[in-house]
Amino acid sequence: MKPQLPKRVHAIRRAASIVGGIPQLAQRLNVPERQLDYWLREIGTPPDKVFFDVIDIIIQSAGARDGELVEAGRRDGKTRHRDTFFQ
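Residues numbered from 1 in each chain as written. Predicted model: local features only at pLDDT ≥ 70, side-chain atom pairs only at ≥ 80, totals over all residues. Heavy atoms only, no water.

1. Brief notes about the pattern of salt bridges
Within this structure, the stated rule accounts for three salt bridges. For aspartate 48, the salt bridge is made with arginine 8, and the minimal N-O distance between the two is 3.4 Å. In this pair, aspartate 48 sits in helix H4 (residues 48-63) while arginine 8 sits in helix H1 (residues 5-19), placing the two residues 40 residues apart along the sequence. In this structure, arginine 41 and aspartate 37 form a salt bridge, with 3.0 Å as the shortest nitrogen-oxygen distance. Judged by relative accessible area, which is 47%, arginine 41 ranks as partly exposed. (Salt bridge = Lys/Arg side-chain N within 4 Å of Asp/Glu carboxyl O. Helix = DSSP H or I, 4+ residues; strand = E, 2+ residues; numbered from the N terminus. Buried < 20%, exposed > 50% of the residue type's maximum accessible area, 1.4 Å probe, protein only.)

2. Comments concerning the environment of leucine 29
Position of leucine 29 relative to the elements: it lies in helix H2 (residues 22-29). Of the residues examined, leucine 29 reaches a relative accessible area of 7% and is grouped as buried. Sequence spacing of leucine 29 and isoleucine 57 is 28 residues, and the spatial spacing of their C-alpha atoms is 10.0 Å.

3. Examining the packing of H2 against helix H3 (residues 33-40)
At a minimum axis separation of 9 Å, H2 and H3 run at an interaxial angle of 110°. For the element pair H2 / H3, the angle class is roughly perpendicular. Residue-level inspection shows Ile22, Pro23, Leu25, Ala26 and Leu29 of H2 in contact with H3, the latter providing Glu33, Leu36 and Leu40. Across the contact of H2 with H3, the residue classes tally to seven nonpolar, no polar and one charged. (Axes fitted to C-alpha atoms, helices over the stretch in contact; angles between N-to-C directions. Parallel < 35°, antiparallel > 145°, perpendicular 65-115°, else oblique. Contact = heavy atoms within 4.5 Å. Nonpolar A, V, L, I, M, F, W, Y, C, P; charged D, E, K, R; others polar.)

4. Concerning the packing of aromatic side chains
Two measures describe an aromatic ring pair: the distance that separates the ring centres and the angle between the ring planes. Inspection of the entire model under this criterion finds one aromatic pair. Note on phenylalanine 51 and phenylalanine 52: the rings are 6.4 Å apart at their centroids and 50° apart in plane angle, and the pair reads as tilted. Over the aromatic face of phenylalanine 51 sits the side chain of arginine 8, whose NZ or CZ is 4.2 Å from the ring centroid. (Phe/Tyr/Trp six-rings, centres within 6.5 Å; stacked < 30°, edge-to-face > 60°. Lys NZ or Arg CZ within 6 Å of the ring centre and 35° of its normal.)

5. A word on the nonpolar core
Nonpolar side chains in soluble globular proteins generally cluster together in the buried interior. Core analysis: the biggest nonpolar cluster contains 18 residues, and Ile12, Leu25, Leu29, Leu36 and Ile57 have the highest contact counts within it. Breaking this core down by element, the ones donating at least two residues are H1, H2, H3 and H4. In terms of residue count, the dominant contributor to this core is H1 (seven residues). When residues no more than four places from it in sequence are discounted, the contact partners of isoleucine 12 are Leu25, Leu36, Trp39, Leu40, Pro46 and Val54. (Core = buried A, V, L, I, M, F, W, Y, C linked by side-chain atoms within 4.5 Å.)

Okay, structure coming up:
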């Protein structure tokens, strides 16, 4: 399914930018950083469960109010301001 790879790569990159980088995303997804690197270089595809977790991170971020981010993985829906997210 080669046509889906770029979409999945884009989603992984987006989720990484939301949570603060590849190491943070690997921790959140409970996968090795090296595996994320392979998927980003289109070497294999992530399992559906991992991909759905990536999509959840993106959706949570999109649902946050302007200027705030929902912390990925938080079930309580707490937010923090975007400015403090990258500090």
